[in-house]
Amino acid sequence: MPDLAELLELAVAVAHEAGALIGTASLSDPESVTTKTSATDLVTATDRAVEALIVERLLAARPGDGIVGEEGASEAGTSGVRWVVDPIDGTTNFAYGYPAFCTSIAAELDEQPVVGVVHDPVRGQTFSAVRGGGAFLNGHPAVVRSAGPPLAHALVGTGFGYGAERRAAQGTVLARVLPHVRDIRRAGSAALDLCTVACGRLDAYYERGLQHWDHAAGALIATEAGAWVGTLEGGPLDRERTVVAARPDLVEPLLALLRDAGADTMP
Ligand code: IPD
């Protein structure tokens, strides 16, 4: 069993180094922005450079570990530890200079996240968690209240995929959800959205179609802060890429609202 405190220390150090590299990257070179899965799915040279840095640092410190990253990193490893990395979650924001993006690094054992770090280099905020050890924002406990205002007064975050068909369905669901909540936020970084729930700045968040690296660290952080995190169907978080995070007292009404809105049938 690896020392989880050591994994956390390494992840924080590497995320901070990644943040420094993001901070020095030039946003003015249009040649550095290309597309991936669709014309709206951007990737920048900085995404790739940051992932290369993270992989280099993690594997230099722990050569036997596995790793998977959004920009293609893939090492099977032999130690039982696998790192799940999103070098820049919120790439569209980053490419526009819109200040809502982060580096997300999780360490998994037996496919379960045990360490999560989400670092926002713009605000200088580092969210972290070790399974069973609570969640922290810049070293201070992040705690979700167990109860609060009803769903009608809840601030709810969401996000959209990059495919037109999924977006159309997500828009339809959103139109049905919006009249029943205080308001909706679409910040553009799933990892930050989950951490935003973890520190009570959002009451809940839902999104269908996430990739594992979008939520591996943030879901652990939200869970450790006391939020309920699971699927749109109400089960424990799995690899199906559907994620709901909410203050515990909002879970039942929120899942019912999302089901009524057709969220469970979205492509
Ligand atoms: C995206 C962001 C966005 C979410 C998308 C993700 P990326 O990740 O997390 O908020 O709505 O589903 O793909 O592409 O910026 O790493």
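Here, every reference points to the structure presented above.
For the structure given in this document, a descriptive report is provided here.

Rules behind the numbers
Residues numbered from 1 in each chain as written. Predicted model: local features only at pLDDT ≥ 70, side-chain atom pairs only at ≥ 80, totals over all residues. Heavy atoms only, no water. Axes fitted to C-alpha atoms, helices over the stretch in contact; angles between N-to-C directions. Helix = DSSP H or I, 4+ residues; strand = E, 2+ residues; numbered from the N terminus. Parallel < 35°, antiparallel > 145°, perpendicular 65-115°, else oblique. Contact = heavy atoms within 4.5 Å. Nonpolar A, V, L, I, M, F, W, Y, C, P; charged D, E, K, R; others polar. Core = buried A, V, L, I, M, F, W, Y, C linked by side-chain atoms within 4.5 Å. Buried < 20%, exposed > 50% of the residue type's maximum accessible area, 1.4 Å probe, protein only. Pairing = 2+ DSSP bridges. Near = heavy atom within 4 Å. Polar contact = N/O pair within 3.5 Å; in protein donor to acceptor, adjacent residues only side chain to side chain. Areas by Shrake-Rupley, 256 points an atom, 1.4 Å probe, with all protein chains shown as cover. 1 Å grid on protein atoms, 1.4 Å probe; cavity = no way out; pocket = protein on both sides within 12 Å on 5 of 7 lines; lining within 4 Å. Sits in = over half its atoms within 2 Å of the grid points.

**Some words on the packing of helix α5 (residues 190-198) against helix α6 (residues 212-225)**
Thinking step 1. Contact geometry of α5 with α6 gives a least axis separation of 8 Å together with a crossing angle of 0 degrees. Taken together, the axis directions place α5 and α6 in an arrangement best described as roughly parallel. Residue-level inspection shows Ala 190, Ala 191, Leu 194, Cys 195 and Ala 198 of α5 in contact with α6, the latter providing Asp 214, His 215, Gly 218, Ala 219, Ile 221, Ala 222 and Ala 225.
Thinking step 2. Partitioning the contact of α5 with α6 into residue classes produces 9 nonpolar, 2 polar and 1 charged.

**Overview of the nonpolar core**
Thinking step 1. By size, the foremost hydrophobic cluster in this structure holds 34 residues, and its most contacted members are Val 118, Phe 127, Tyr 205 and Ile 221.
Thinking step 2. The biggest single contributor to this core is α6, with 8 residues.
Thinking step 3. Leave out the neighbours within four places in its chain, and Phe 127 touches Gly 116, Val 117, Val 118, Phe 136, Leu 137, Leu 192, Cys 195, Cys 199, Arg 201 and Ile 221.
Thinking step 4. Grouped together as the second largest cluster of nonpolar side chains are 29 residues, Leu 10, Ala 73, Trp 83 and Val 115 included.

**Some thoughts on the sheet that holds strand β8 (residues 125-130)**
Paired through their backbone hydrogen bonds, the strands of a sheet run either parallel or antiparallel.
Thinking step 1. Reading across from one edge, β4-β3-β5-β6-β7-β8-β9-β10 is the order of the 8 strands in this open sheet, with mixed pairing throughout. Both edges of this open sheet fall to β4 (74-75) and β10 (140-142), since each of them pairs with a single strand only.
Thinking step 2. One ladder, built from 6 bridges, connects strand β7 (residues 112-120) with β8; its direction is antiparallel. Across the sheet, the residue bridging to Gly 116 is Ala 129, located in β8.
Thinking step 3. Most of the contacts of α5 go to β7, to which it runs at about 95 degrees, and overall it touches β5 (81-89), β6 (102-109), β7, β8 and β10.

**Thoughts on the sheet that holds strand β13 (residues 204-208)**
Thinking step 1. Spatially, 5 strands are ordered β12-β11-β13-β15-β14 in an open sheet, and the strand pairing comes out mixed. Where the open sheet ends on each side, the last strands, each with one partner, are β12 (183-185) and β14 (228-230). Averaged over all pairs of adjacent strands, the angle between strand axes in this sheet comes to 20 degrees, irrespective of strand direction.
Thinking step 2. Where β14 lies against strand β15 (residues 242-246), 3 bridges are found, and the strand directions are antiparallel. Opposite Gly 230, over in β15, you have Val 244 as the bridge partner.
Thinking step 3. Of the strands in this sheet, β11 (155-158), β12 and β13 touch helix α4 (residues 164-177), which is tilted by about 150 degrees from β13.

**Let's talk about α5**
In an α-helix there are 3.6 residues to a turn, and that puts residues three or four apart on one side.
Thinking step 1. Counted residue by residue, α5 has 9 buried out of 9 residues, so it is predominantly covered.
Thinking step 2. Among the residues making up α5, those that are buried are Ala 190, Ala 191, Leu 192, Asp 193, Leu 194, Cys 195, Thr 196, Val 197 and Ala 198.
Thinking step 3. Directly beyond the C-terminal end of α5, a positive phi value near 80 degrees is found at Gly 200.

**Thoughts on the site of the ligand**
Thinking step 1. As a matter of local geometry, the ligand sits amid 16 residues, with Asp 89, Gly 90, Tyr 162, Ala 190 and Glu 207 nearest to it.
Thinking step 2. Separating an oxygen atom of the ligand from a backbone N or O atom of Ala 190 is a distance of 2.8 Å.
Thinking step 3. A distance of 2.5 Å is found between an oxygen atom of the ligand and a side-chain nitrogen or oxygen belonging to Glu 207.
Thinking step 4. In isolation the ligand has 380 Å² of accessible area, and contact with the protein removes 95% of it.
Thinking step 5. Applying the majority rule of atoms within 2 Å of the grid points places the ligand in the largest pocket.
Thinking step 6. Ranked by residues supplied to the shell around the ligand, first place goes to β5 with 3 residues.
Thinking step 7. When the residues that make up the shell around the ligand are grouped by side-chain class, the tally is 5 nonpolar, 5 polar and 6 charged.

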